[in-house]
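Here are the chains, one letter per residue:
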Amino acid sequence: MRKLGLLVLGVVSLFTVAKAQVTTDAATAAKTDTIAPRTPGKTLDKIAAVVGNAPILLSDIEQQYARYLVEGMQPNPEVKCRVLQSLLTQKLLAQQAIIDSIDVKEDDIDASVDRRMREMTQRAGGQDKLEGFLGKSLIQYKDEIRPDMKEQMIAQKMQSKITEKLNVTPQDVKDYYNAIPKDSLPSFNKEVEVGEIVFQPKLTKEEKQLYKEKAEELLARVKKGEDFGTLARLYSQDPMSAVEGGDLGFADRTTFVKEFTANAFRLKAGEISPVFETDFGFHFLQVIERRGEQVHVRHILITPAITQASLDRAQAKADSIYTLMQAHKKDLDFSAAANFYSDDKETKFNGGMMLNAENVQTRSTFIPTDKLDPKVALTVDTMKVGNISKPDLFTGADGKKSYKILYLKSATDAHKANLLQDFPKLKDMAYEDKNTKTINKWFDKRRKETFIKIDPEYQSCDILKKWIATPVTTAQAK
């Protein structure tokens, strides 16, 4: 699914709340600063707006704003204007969804709520801190946000339906490009296509035994009656779930790696798995609840530490493969070597080619040099197209070290957009433009047909001007 140029449901996650239903530039939004801050967690029952027959309470806005603050953002009254805009769009979409018989599964709602709570708890620094900030228990808060989460998900499905049949033809792309004033054509930075053969340090069975024994020891303590959650908080090396007592919430079979899935879905509620190994380390898990094809589990992870000996072995293997490739340049191409030798599962079956992390949907291999790992960018900057680099040690964003052989497939200098070089990018831009216009047109029509009333406290918000136009009467709305 393509990435939308403008998402109207920014309220779905408060760190994306600035995204809005209509195109709003930062300069315009910055003018809105008249909404007084309120105390997070305080229940308010004043009606802030009405869409059709659905009210939006001030407490709805405060709840979303509280989540914004939990994300670590600085207090900013204008955010409340954007929250209200998102809630207005959500209500309008959800009301149309009822007409179109669009609904979501209860299990999917539960999984979404659990995921939201884990994210909020982690950012708040733990359950106690989050409950203190919210002024209520997480159980109570989950019950409060569930109806809103359901409406958000229904609204998302409705929005997808509005644009599901959109596509762009080559002629659409050309028309879009030709409509851009020549002095306003976008500029693209230098881009490269880079391949990699990755040699990850691997521990021997003997080197890993100590960590397996640590996991076995913790499993034995759980079986003897010690609290699973407490041990997970103290010892689990999964930073996302450790603060939650190892709790991973509800998930389906596609969420976890295969070894984890196999253990999670073969157990009954309350049962604990034996210690098993994945690429992340040694785990054991407990099933808390099963709901159809979803399972709620918690786990403890012990991650083996990489040794210098394992790094030396990886380097020796990388040097050996580099020598082999240099000696058989005509017979062993880079793609085949990556497929056969690389330890990176994401690139080895793609001919070793890295994907643009900001354009994964189209699987683009063209990457702006400023988006590359700095050391990778520095290495390929000294290379000629078609050459491979000597093996070198690289440290990933996750802190893991590995040796890599790099391949520079192509390099394109910085330039103004043109159809010959940039057709895929222009196609995405044309689609997003068409998508935005379609959504805006839908909302413009629905706003005119729907009774909408906004409290005077929010009528100073510039981004709500289109919503504050003279509303239809209740009789007209019917």
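Bear in mind the structure is a predicted one, so any value in this text is a computation, not a measurement. Sequence positions are assigned chain by chain, starting from 1 and proceeding in written order. Reporting of local features is limited, given that this is a predicted model, to residues whose pLDDT is at least 70; pairs of side-chain atoms are given and counted only at 80 or more, and all residues count toward the totals for whole chains, interfaces and linings. To obtain the side-chain values, all non-hydrogen atoms of the structure were included, while hydrogens and water were left out.

Caption draft 1: Quick peek at helix H4 (residues 106-124). Strands are runs of DSSP state E lasting at least 2 residues, helices are runs of H or I lasting at least 4, and numbering of each runs from the N terminus. Each residue after the first adds 1.5 Å to the expected span of a helix. The end-to-end C-alpha distance of H4 is 27 Å, a good match for the 27 Å that 19 residues give at a rise of 1.5 Å each. We call a residue buried when its accessible area falls under 20% of the maximum for its residue type, exposed when it is over 50%, and partly exposed in between, using a 1.4 Å probe and counting protein chains only. Three or more residues of H4 are buried, namely Ile109, Asp110, Ala111, Ser112, Val113, Asp114, Arg116, Met117, Met120 and Thr121. Here the buried face of H4 lies against helix H2 (58-70), helix H5 (127-134), helix H6 (138-163), strand S5 (247-251), strand S7 (281-291) and strand S8 (294-302). Of the residues trailing H4, Gly125 is marked for its positive phi of about 95°. Between two residues, a contact is recorded if the distance between any of their heavy atoms is within 4.5 Å.

Caption draft 2: Quick look at the sheet that holds strand S1 (residues 47-51). Here, a strand pair is defined by DSSP locating no fewer than two bridges between the strands. Here three strands make up an open sheet; going across it, the order is S2-S1-S13 and the pairing antiparallel. Among the strands making up the open sheet, the edge pair consists of strand S2 (54-57) and strand S13 (452-454). Ignoring strand direction, the axes of neighbouring strands in this sheet form an average angle of 20°. Each axis is a line fitted through C-alpha atoms, and for a helix only the stretch in contact is used; angles between axes span 0 to 180 degrees, taken between their N-to-C directions. Contacting S1 and S2, H2 runs over the sheet at an angle of about 50° to S2.

Caption draft 3: Spatial organisation of the state of the cysteines. Throughout, a disulfide means two cysteine sulfur atoms within 2.5 Å of one another. The final tally for this structure, using the stated rule, is one disulfide. Sulfur-sulfur distance for the disulfide between Cys81 and Cys461 comes to 2.1 Å. In this structure, the disulfide formed by Cys81 and Cys461 twists by about -60° around the S-S bond and is classed as left-handed. Taken together, the positions of Cys81 in helix H3 (residues 78-99) and Cys461 in the loop between S13 and helix H16 (474-477) put the pair 380 residues apart, joining distant regions of the chain. Residue Cys461 is classed as buried on the basis of its relative accessible area, which comes to 0%.

Caption draft 4: Quick peek at the nonpolar core. Grouped together as the largest cluster of nonpolar side chains are 46 residues, with contacts concentrated most on Ile61, Leu84, Leu88, Ile454, Tyr458, Leu464 and Trp467. Within the residue set of this core, elements represented by two or more residues are S1, H2, H3, H4, H5, H6, helix H15 (419-449) and S13. Contacts of Ile61, omitting those with residues within four sequence positions, involve Ala48, Lys80, Val83, Leu84, Leu87 and Tyr458. Phe199, Tyr322, Ile388 and Tyr403 belong to the second-largest nonpolar core, a separate cluster that totals 17 residues. What makes a nonpolar core is a set of buried Ala, Val, Leu, Ile, Met, Phe, Trp, Tyr and Cys residues whose side-chain atoms join them at distances within 4.5 Å.

Caption draft 5: Looking closely at the side chain of Ser402. With respect to the element layout, Ser402 can be found in strand S11 (residues 401-412). With relative accessibility at 8%, the residue Ser402 sits in the buried group. Non-local contacts of Ser402, meaning those with residues more than four positions away in its chain, are made with Val198, Phe199, Gln200, Pro201, Asp392, Leu393 and Phe394.

Caption draft 6: The pairing of S11, seen in detail. Most of S11 is tucked away: nine of the twelve residues are buried. In the sheet, strand S4 (residues 191-199) pairs with S11 via nine bridges, with the strands oriented antiparallel. Following the sheet pairing, Glu191 is matched in S11 by Thr412. One ladder, built from four bridges, connects strand S10 (residues 392-395) with S11; its direction is antiparallel. Looking across to S11, one finds that Thr395 is bridged to Lys401.

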